[in-house]
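Read off the chains here:
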Amino acid sequence: MLTPDSTSDTVEVVTVRRDSAAPSGETTVVRLLGLLPATWSCTCEVGPDRVRLWIDLAGGTDRSTVRHALREVLADTALYGWDQES
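Keep in mind the model is a prediction, meaning the values are calculated, not measured.

What counts and what doesn't
- Residues numbered from 1 in each chain as written.
- Predicted model: local features only at pLDDT ≥ 70, side-chain atom pairs only at ≥ 80, totals over all residues.
- Heavy atoms only, no water.
- Core = buried A, V, L, I, M, F, W, Y, C linked by side-chain atoms within 4.5 Å.
- Buried < 20%, exposed > 50% of the residue type's maximum accessible area, 1.4 Å probe, protein only.
- Helix = DSSP H or I, 4+ residues; strand = E, 2+ residues; numbered from the N terminus.
- Expected span 1.5 Å × (residues − 1).
- Arc of directions from axis to C-beta.
- pLDDT = per-residue confidence, 0-100.
- Disulfide = S-S within 2.5 Å.
- Polar contact = N/O pair within 3.5 Å; in protein donor to acceptor, adjacent residues only side chain to side chain.

(A) Main features of the nonpolar core. Counting 18 residues, the largest nonpolar core has Val13, Leu32, Leu36, Leu53, Ile55 and Val66 as the members making the most contacts within it. Put simply, the parts of the chain that give this core at least two residues each are strand 2 (10-17), helix 1 (25-35), strand 4 (50-56) and helix 2 (63-74). Residue contributions to this core peak at 5 residues, all from helix 2.

What follows is the structure, encoded as structure tokens:
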């Protein structure tokens, strides 16, 4: 799921574990943050099977850029078993 919050200055990204053999949310959030651009400012909420990130839209970052980056990040083998929530 990729939706703006009420301030429309952030984008919410929700990923869920689809494979019980995949690492838990605590490991996955570290991997997600490590694969996203280092200049992005994010806030997160982590559960065992769900990771929510709120990415600030600043410095030229827009929704399209976030969507593209998320597709690339979730294709990385480090995030096997995790997918974008629909």
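(B) Broad picture of helix 2. Taking 1.5 Å per residue as the helical rise, helix 2 with its 12 residues ought to reach 16 Å, and the 16 Å between its terminal C-alpha atoms agrees with that figure. Buried within helix 2 are the following residues: Val66, Ala69, Leu70, Val73 and Leu74. Summarising the axial view, the buried residues of helix 2 lie within an arc of 125°, below the 170-degree limit, and thus occupy one face.

(C) Examining helix 1 more closely. Along helix 1, the residues that are buried comprise Gly25, Thr28, Val29 and Leu32. All buried residues of helix 1 lie within an arc of 100° about the axis, which places them on one face of the element. Across helix 1 from its buried face, at more than 90 degrees, point the exposed residues Val30 and Gly34.

(D) Focus on the confidence of the model for the chain. Predicted confidence across the chain gives a mean pLDDT of 89, with 90% of residues reaching 70 or more. Taken element by element, the chain is modelled with least confidence in strand 1 (residues 2-4), mean pLDDT 49, and with most confidence in helix 1, mean pLDDT 96.

(E) Representation of the state of the cysteines in the model. Taken as a whole and judged by the stated rule, the model has 0 disulfides. Here Cys42 stays free of any disulfide, with the sulfur of Cys44 as its closest cysteine sulfur at 8.1 Å. Assessed through its relative accessible area of 38%, Cys44 is described here as partly exposed.

(F) Looking closely at the side chain of Glu12. Tracing the backbone through its elements, the reader meets Glu12 in strand 2. For Glu12, a relative accessible area of 11% gives the class buried. Polar side-chain contacts of Glu12 include one of 2.5 Å to the side chain of Arg52.

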